[in-house]
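Analysis of the macromolecular model
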Amino acid sequence: MFSGRRRQRDDLFDRSFRSCDDCGADVYVLAEDCKDCGTALELRAG
Ligand SMILES: [Zn+2]
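All figures in this text were calculated on a predicted structure; none of them were measured in a lab. Every chain is numbered on its own, with residues counted from 1 as its sequence reads. Totals for whole chains, interfaces and linings use all residues, but because this is a predicted model, local features are given only for residues with pLDDT of at least 70 and pairs of side-chain atoms are given and counted only at 80 or more.

Now for the overall build of the protein chain. Put simply, DSSP marks the helices as runs of H or I at least four residues long and the strands as runs of E at least two long, and each gets a number from the N terminus on. Looking only at helices and strands, the protein chain features one helix and two strands. Beginning at the N terminus, the succession of helices and strands in the protein chain can be written as α-β-β. In the protein chain, which comprises 46 residues, the share counted as buried stands at 4%. By definition, residues are in contact whenever their C-beta atoms, placed on the basis of the backbone, come within 7 Å of each other. Counting contacts in the protein chain only where the partners sit at least 6 residues apart, residues at least 24 apart contribute 0% of the total. Neighbour counting defines burial: a residue surrounded by 20 or more other C-beta atoms within 10 Å of its own C-beta is buried, one with 12 or fewer is exposed, and intermediate counts give partly exposed, using backbone-placed C-beta atoms.

Let us now look at the environment of Arg15. Residue placement: Arg15 occurs in helix 1 (residues 7-16). Along the backbone, Arg15 and Val29 are 14 residues apart, and their C-alpha atoms lie at a distance of 7.7 Å.

Our next topic: the confidence of the model for the protein chain. Of all residues in the protein chain, 72% have pLDDT values of 70 or greater, and the mean over the chain is 80. Summary of the metric used: pLDDT quantifies the predictor's per-residue confidence within the range 0 to 100. Mean pLDDT across the elements of the protein chain ranges from a minimum in helix 1, with 72, to a maximum in strand 2 (residues 26-28), with 90.

If you want it as structure tokens, here you go:
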């Protein structure tokens, strides 16, 4: 599935995305709402 993945890249990826509370889709952390279901997401610094 993730061939040749590297931990450092994975960590960066994990920090760049989060799961939508509503539908569980991966949403960019700086996005204001979910691209899948449109749920508004709170921006959480840190
Ligand atoms: Zn969603």
